[in-house]
Amino acid sequence: MRILGIDPGLRNLGWGVIESQGSRLSHVANGVCTSDGDDLGERLLSLHNQVAEVIEAYRPDQAAIEQTFVNKDGVATLKLGQARGVALLTLAKAGLPTGEYAPNRVKKTVVGVGHASKEQVMHMVRLQLPGSDPKGADAADALAIAICHAYYGGTKQRQLKEVRA
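Quick summary incoming for the structure in this document. Every value quoted in this text rests on a predicted model; they were computed, and no experiment measured them. (Residues numbered from 1 in each chain as written. Predicted model: local features only at pLDDT ≥ 70, side-chain atom pairs only at ≥ 80, totals over all residues. Heavy atoms only, no water.)

1. Notes on the pattern of salt bridges
Working step 1: Scanning the model with the defined rule gives 5 salt bridges in all.
Working step 2: Here Arg59 ties to Glu56 by a salt bridge, and the two come within 2.9 Å at their closest N and O atoms.
Working step 3: Given a relative accessible area of 54%, Arg59 falls into the exposed group.
Working step 4: Asp141 is the salt-bridge partner of Lys118, the closest N and O atoms lying 2.5 Å from each other. Taken together, the residues Lys118 in helix H4 (residues 118-128) and Asp141 in helix H5 (residues 137-152) connect sequence positions 23 residues apart. (Salt bridge = Lys/Arg side-chain N within 4 Å of Asp/Glu carboxyl O. Buried < 20%, exposed > 50% of the residue type's maximum accessible area, 1.4 Å probe, protein only. Helix = DSSP H or I, 4+ residues; strand = E, 2+ residues; numbered from the N terminus.)

The following block contains the structure:
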């Protein structure tokens, strides 16, 4: 099974693709989508187009995305939610079953500690996916989300398909 992990963000959206064969995991690709444009709509469209290109290029069977956490900055949380919504829409349009995971669950799965640092996540992703060289912390987080889905996801996820009129 090929899994696309997404770490949503308005400025930088991390993505990572892994292969899961039973308990064996291997790295396929990873990267960061950087939003372009002057206004919010253009930036969100840019993210949609880039995620669609990743899906087209790597043909995942399933996807996983990090849930939004609410922090003290309400505006930042709303912007993160909008980027996450665009990513979820793009995944649904592609017909990908998608798992959603809390940041603490991802960290606990990959590192063993729910409040692990970005450096610890990066280190453990490199250990669990030999040969991977994450293109930054966002890409490492996306690979960690994909790893989490490999352990907890599977066939229980609903499959969404776009219906055209």
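From this point, things continue past the structure.
2. Some points on the packing of aromatic side chains
Working step 1: Tallying each qualifying case throughout the model produces 1 aromatic pair.
Working step 2: Centre to centre, the rings of Trp15 and Tyr58 are 5.5 Å apart; their planes meet at 35°, and the pair counts as tilted. One end of the pair, Trp15, is in strand S2 (residues 12-21); the other, Tyr58, is in helix H1 (residues 40-58), and 43 residues separate them in sequence.
Working step 3: Residue class for Trp15 comes out buried when judged on its relative accessible area of 10%.
Working step 4: A cation over a ring is seen here: Arg105 above Tyr152, with NZ or CZ 3.9 Å from the ring centre. (Phe/Tyr/Trp six-rings, centres within 6.5 Å; stacked < 30°, edge-to-face > 60°. Lys NZ or Arg CZ within 6 Å of the ring centre and 35° of its normal.)

3. Points about empty space enclosed by the protein
Empty space among the atoms becomes visible once a probe the size of a water molecule is rolled across them.
Working step 1: Tallied over the full model, the rule gives 1 cavity of 30 Å³ or more.
Working step 2: Volume-wise, the largest cavity comes out at about 30 Å³.
Working step 3: What lines the largest cavity is Glu66, Val106, Lys107, Val121, Asp141 and Ala144.
Working step 4: For the lining of the largest cavity, the secondary-structure elements that each account for two or more residues are helix H3 (103-110) and H5.
Working step 5: Grouping the amino acids of the lining of the largest cavity by side-chain chemistry returns 3 nonpolar, no polar and 3 charged. (1 Å grid on protein atoms, 1.4 Å probe; cavity = no way out; pocket = protein on both sides within 12 Å on 5 of 7 lines; lining within 4 Å. Points joined across faces, edges and corners; volume = space filled by probe spheres on them. Nonpolar A, V, L, I, M, F, W, Y, C, P; charged D, E, K, R; others polar.)

4. Re the packing of H3 against H5
Working step 1: Between H3 and H5, the least distance of the axes is 9 Å, while the angle of their chain directions is 80°. The angle between H3 and H5 places the two elements in the roughly perpendicular class. Facing Arg105, Val106, Thr109 and Val110 of H3, the residues of H5 in contact are Ala144, Ile145, Ile147, Cys148, Tyr151 and Tyr152.
Working step 2: Residue composition of the contact of H3 with H5, grouped by class: 8 nonpolar, 1 polar and 1 charged. (Axes fitted to C-alpha atoms, helices over the stretch in contact; angles between N-to-C directions. Parallel < 35°, antiparallel > 145°, perpendicular 65-115°, else oblique. Contact = heavy atoms within 4.5 Å.)

5. Some points on the sheet that holds strand S5 (residues 98-101)
Working step 1: An order of S3-S2-S1-S4-S5 is seen for the 5 strands of this open sheet, with the pairing classed as mixed. The two strands at the open ends of the sheet, each matched to only one other strand, are strand S3 (24-34) and S5. Across the sheet, the mean angle from the axis of one strand to that of its neighbour is 20°, orientation sign disregarded.
Working step 2: Here strand S1 (residues 2-7) pairs with S2 via 6 bridges, running antiparallel. Residue Ile6 lies in a different strand from S2, and its bridge partner there is Trp15. (Pairing = 2+ DSSP bridges.)

6. Observations regarding the nonpolar core
Working step 1: Counting residues in hydrophobic clusters, the biggest one holds 20 residues, and the most contacted among them are Leu4, Ile6, Leu13, Trp15 and Leu91.
Working step 2: For this core, the elements supplying multiple residues, two or more each, are S1, S2, S3, H1, strand S4 (62-66) and helix H2 (74-93).
Working step 3: For this core, the element with the highest residue contribution is H1, accounting for 5 residues. (Core = buried A, V, L, I, M, F, W, Y, C linked by side-chain atoms within 4.5 Å.)

7. Observations concerning H2
Working step 1: In this model H2 runs 28 Å from its N-terminal to its C-terminal C-alpha over 20 residues, within 8% of the 28 Å that 1.5 Å per residue would give.
Working step 2: Those residues of H2 not exposed but buried are Thr77, Leu80, Ala83, Arg84, Val86, Ala87, Thr90, Leu91 and Ala92.
Working step 3: Residues of H2 that are buried sit in contact with S1, S2, H1, S4 and S5. (Expected span 1.5 Å × (residues − 1).)

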